[in-house]
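Observations on the model geometry
Okay, here's what each chain looks like letter by letter:
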Amino acid sequence: MSDYKLGTRCVQGGYTPGNGEPRQMPIVQSTTFRYATSEDMGKLFDLEANGYFYSRLQNPTNDMVAAKITELEGGTAGMLTSSGQAANFFALFNICECGDHIVASSSIYGGTFNLISVTMAKMGITATFVSPDASEEELDAAFRPNTKAVFGETIANPALTVLDIEKFAKAAHAHGVPLIVDNTFPTPVNCRPFEWGADIVTHSTTKYMDGHGAALGGAIIDHGVFDWMAHAEKFPGLCTPDESYHGITYAEKFGKEGAFITKCTSQLMRDFGSMQSPQNAFILNLGLESLHVRMPKHVENAQAVAEFLYSHPKVAYVNYSGLPTDKYYEVAQKYLPNGGCGVVSFGLKGGREAASIFMRELKLGAIETHVADARTCCLNPATSTHRQMNDEQLKEAGVPAELIRISLGLEDKEDLIADISNALDAI
Ligand SMILES: *Cc1c(COP(=O)(O)O)cnc(C)c1O
């Protein structure tokens, strides 16, 4: 499939039926799998043979969908998780343990900020947050001898900052650690972080990949290029024998291409059990089949709305990297030449109060804790997703208290602009 263009991979990647087999990807709705002899099954437990034994670890439907996303990103191995949160936690915890340290962009999803700054801190994993605009020197200064990973989002939710992936990858690699990029907002249709030096990509497939607000899910994809063995002292979990798996050394047995995902599946999925259900994977695959058709429409609507808001007298500012006046326009031209995503954020001159009137008056755009859906929706992060942050942290994360995030769906842009215009008139 990797010889085909991206749209073809969206439609047909991950699953090719044999003679007389279902044209549609089958849902393997089974917790368990049958074997003729215990020896056959033993080989699976020892990771000596490929196969399925229990859906907490692996399921054929999930693997087919993971294979499609892996083909889209240009990676060597991938896995699905129950949510984007699980994907980011697994991607980090697969290489970090108590006593380790992470360098992360401060401009990230509120849930991920909380995961890293509070929950993982309780596990003894500390973090230094850096501005996505940090200079090479500032980035350099954030590293410690116990740093194990660098983390950022291609387009941050909801701040809409655009990550200079090459700069972050260069800093990570200079310190012998991988760059993990959450590529949820652009999806591989608009950006493939591996092409710019990222090592691991994560997704909340709940967003554009599903695209219909139907199924929660996540994915982790490995580029298969980072040389764990060259930095073996930093990554004992990959480079020394795993006692819980009969002394297997993942980086030796599965190489650069397979070590990360094999360990993540056979250890973390085994022990934490954040599987995606095969039903959800099936729904996710329906979304993936039209991802390349939907993304340009989301971008078209967002660009039109961003331009409308920008020229409106009641609007104080607009964040959208497709606007030539945007701080991230240049960097977006490089990493997102076909546009970024369908999410725009803006502040009204009337502050918090105007924001609440505006949102109440919208008819097509519903108030939802969601983005990247076929239906337009909006949110005030300060009073919802980011409410655990104080005003100072909100500003630092690029989501000041009055900020409205609007996620443009697949409706006709004329209707969306008319709706937004009416709501602004009501202020
Ligand atoms: C939504 C989101 C997440 C969390 O994903 P869930 O599927 O809701 O767990 C992580 N990262 C980004 C960028 C997101 O937008």
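Residues numbered from 1 in each chain as written. Predicted model: local features only at pLDDT ≥ 70, side-chain atom pairs only at ≥ 80, totals over all residues. Heavy atoms only, no water.

**Points about the site of the ligand**
The environment of the ligand is made up of 15 residues, and the closest members are Asn157, Asp182, Ser204, Thr206 and Lys207. Interatomic distance of 2.7 Å between a side-chain N/O atom of Asn157 and an oxygen atom of the ligand. Against a free-state accessible area of 380 Å², the protein chains account for coverage of 94% of the ligand. The element best represented in the shell around the ligand is helix 4 (residues 84-93), accounting for three residues. For the shell around the ligand, the per-class residue count stands at two nonpolar, 10 polar and three charged. (Near = heavy atom within 4 Å. Polar contact = N/O pair within 3.5 Å; in protein donor to acceptor, adjacent residues only side chain to side chain. Areas by Shrake-Rupley, 256 points an atom, 1.4 Å probe, with all protein chains shown as cover. Helix = DSSP H or I, 4+ residues; strand = E, 2+ residues; numbered from the N terminus. Nonpolar A, V, L, I, M, F, W, Y, C, P; charged D, E, K, R; others polar.)

**Remarks on the side chain of Lys68**
Relative to the helices and strands, Lys68 is located in helix 3 (residues 60-73). Here Lys68 sits buried without a salt bridge, and the closest side chain of opposite charge, Glu289, lies 4.5 Å off (N-O distance). A polar contact of 3.4 Å, which involves the side chain of Lys68, links it to the backbone oxygen of Val11. For Lys68, the contacting residues outside a window of four places in its chain are Arg9, Cys10, Val11, Gln12, Gly13, Gly14, Asn285, Leu288 and Glu289. (Buried < 20%, exposed > 50% of the residue type's maximum accessible area, 1.4 Å probe, protein only. Lys, Arg positive; Asp, Glu negative; His and termini not counted. Salt bridge = Lys/Arg side-chain N within 4 Å of Asp/Glu carboxyl O. Contact = heavy atoms within 4.5 Å.)

**Structural notes on the pattern of salt bridges**
Pairing of side chains with opposite charge becomes possible as their charged atoms draw close. Taken as a whole and assessed by the stated rule, the structure comprises 10 salt bridges. Residue Arg192 pairs with Glu195 through a salt bridge whose shortest N-O separation is 2.8 Å. A relative accessible area of 23% means that Arg192 is categorised as partly exposed. Its relative accessible area of 53% is what places Glu195 among the exposed residues.

**Remarks on the environment of Pro22**
Counting through the fold element by element, Pro22 comes out in the loop between helix 1 (6-12) and helix 2 (38-45). For Pro22, the residues in contact, after removing those within four places along its chain, are Tyr15 and Pro17.

**Some points on unusual backbone geometry**
Cis rather than trans, the peptide bond between Asn157 and Pro158 has omega equal to 5°. Mapped onto the elements of the fold, Pro158 is located in the loop between strand 4 (147-153) and helix 7 (165-174). The phi dihedral of Thr187 is positive, around 60°, even though this residue is not glycine. Its place among the elements puts Thr187 in helix 8 (residues 187-190). Residue Thr187 is classed as buried on the basis of its relative accessible area of 0%.

**Points about the packing of helix 4 against helix 11 (residues 255-272)**
Axis angle and axis distance: for two packed helices, these are the angle between their axes and the distance between the axes, and together they describe the pair. In the contact formed by helix 4 and helix 11, the axes pass within 10 Å of each other and the chain directions differ by 115°. The hand of the helix 4/helix 11 crossing is right-handed. In this structure, helix 4 uses Phe89, Phe90, Ala91 and Phe93 to contact helix 11, whose residues at the interface are Phe260, Cys264, Leu268, Met269 and Phe272. Partitioned by chemical class, the residues of the contact of helix 4 with helix 11 number nine nonpolar, no polar and no charged. (Axes fitted to C-alpha atoms, helices over the stretch in contact; angles between N-to-C directions. Left-handed = near helix turned anticlockwise from the far one by under 90°.)

**Observations concerning the environment of Thr16**
Turning to its location among the elements, Thr16 is positioned in the loop between helix 1 and helix 2. Sequence separation between Thr16 and Thr31 is 15 residues; the distance between their C-alpha atoms is 23 Å.

**Re the sheet that holds strand 9 (residues 343-348)**
Read across the open sheet, the five strands follow the order 8-9-12-11-10; overall the sheet is mixed. One side of each edge strand has no neighbouring strand; the edge strands of this open sheet are strand 8 (315-319) and strand 10 (366-367). Sheet topology places strand 8 next to strand 9; four bridges connect them, and they run antiparallel. Within the sheet, the bridge partner assigned to Tyr317 lies in strand 9 and is Gly347. Where helix 13 (residues 291-310) meets the sheet, it contacts strand 8 and strand 9, and its direction lies at approximately 15° from that of strand 9. (Pairing = 2+ DSSP bridges.)

Any functional reading would require information that these geometric values do not contain.
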